[in-house]
Amino acid sequence: MYYPDHHVHSHFSPDSEALPEQHAETAILLGMPAICFTDHMDFDYPKRYNVTFDLHPAPYLDAMEKLRAQYDGRISIRAGLEIGLEAGLRPKITDYILSSDWDFVIGSIHMAGRKDPYFEDYFEGRSTRDAYRAYFEDTLDCLSSFDPVFDVVGHLDYVLRNGNRSVTNAWKEWPDLMDEILRLTVKKGLGLDINTGGIRKGLSFQHPHDDLLRRYRQLGGEIITFGSDAHAPGQLGYHFPETGERLKALGFRYYASYQKRKPAFFPL
C-alpha cells in the first residue's frame, strides 16, 4: 500500500529541482490518496555551506493553493513545512510557524552546535560517537525548549546517515538519553516522521530505528506519518509498503494524515 507521503521537497527547496506537479503526478500513479509538500526553512543557515534555506510563505502557499485546485478530485494536496529547530532561535521559529496557515509542520534537527552533520566539518576534531551523542543532546535541548508548535519530529536519528556509521542504533548506545527524548515527544503530543530516506541512503532501517519506534510505542506514542524525504519524483513513497509491515510488527495500528494541522487516523 502507498500511504500518503508527508515529507516531500520541491523546487521551493534549494536542494530540489522537482516541480510540484511532477510529484503530484507520480503520487497519483502510485495510488496515494494525498501528498504533503514540506519544503525547507532553516533560519541563519551557515554561509560556509553555500546554500540558503529561506522559504517565503506567501508565494509558496499561493502555489500550493493553485495546485490543490488543479488536482481537485484526483489527489489531495497539502501545504506543509519542514523547519530546522534550534533552541537559540525559538522565538523566531515559533513566530514563523504560527504566522501562516500550514497543513502540517515537521520540526527537524538539521544542526547541532551550528554545524550540519550532512557535512564533514560536523565530525572534525572529535570521535564519530561523540559527534552523534552531541546531536542527540541538542535534540533533547530543542524539544525541551519548544512548545509543540510543530506536529512531528523529523527523521529523529538523522545524524546516523552520515559519519562512518560506527553507530547505527542510538537506543543501544544511549538508552537514557533517547528515553528522555521519546518521553518528551510523547508528553508534548508530538508524532514521529517515519522517514524512509534512511533506507534510500544505505541504512538498513528507516528513521527512527526500530528500537526507538518500539520504545515510543511502549511509552504511549501513536502518531506516525510516512515520509520519503523525496527531492525527486522517483524517490516518492520509497519503501512505503515494506515499512508499513514493519510498523505493524512493532505494534502500530494506525498512521496519521494531516490537514489544517489536524491529524486523521487510518489503519495501516
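Structure: see above.
Residues numbered from 1 in each chain as written. Predicted model: local features only at pLDDT ≥ 70, side-chain atom pairs only at ≥ 80, totals over all residues. Heavy atoms only, no water.

**Description of the overall build of the chain**
Argument step 1. Helix and strand content of the chain: nine helices and nine strands.
Argument step 2. Taking 2.2 N^0.38 as the reference for a compact globule, 268 residues should give roughly 18 Å; the C-alpha atoms of the chain span a radius of gyration of 17 Å, in line with that estimate.
Argument step 3. Principal-axis analysis of the C-alpha atoms places the extent of the chain at approximately 50 × 45 × 30 Å.
Argument step 4. The proportion of buried residues among the 268 residues of the chain is 56%. (Helix = DSSP H or I, 4+ residues; strand = E, 2+ residues; numbered from the N terminus. Rg over C-alpha atoms; globule rule 2.2 N^0.38 Å. Buried < 20%, exposed > 50% of the residue type's maximum accessible area, 1.4 Å probe, protein only.)

**Observations concerning helix α1 (residues 20-30)**
Argument step 1. Within α1, burial applies to P20, H23, A24 and A27. All buried residues of α1 fall inside an arc of 100° around its axis, so they share one side.
Argument step 2. For α1, the secondary structure elements touched by its buried residues are β1 (5-8), β2 (34-41), α2 (57-70) and β3 (76-84).
Argument step 3. In the segment just after α1, G31 is the residue with positive phi, at about 85°. (Arc of directions from axis to C-beta. Contact = heavy atoms within 4.5 Å.)

**Structural notes on helix α3 (residues 90-98)**
Argument step 1. Among all positions in α3, only I93, T94, Y96 and I97 are buried. Take α3 and look down its axis: the buried residues cluster within an arc of 160°, on one side only. Relative to its buried face, α3 has exposed residues pointing more than 90 degrees away, namely D95 and L98.

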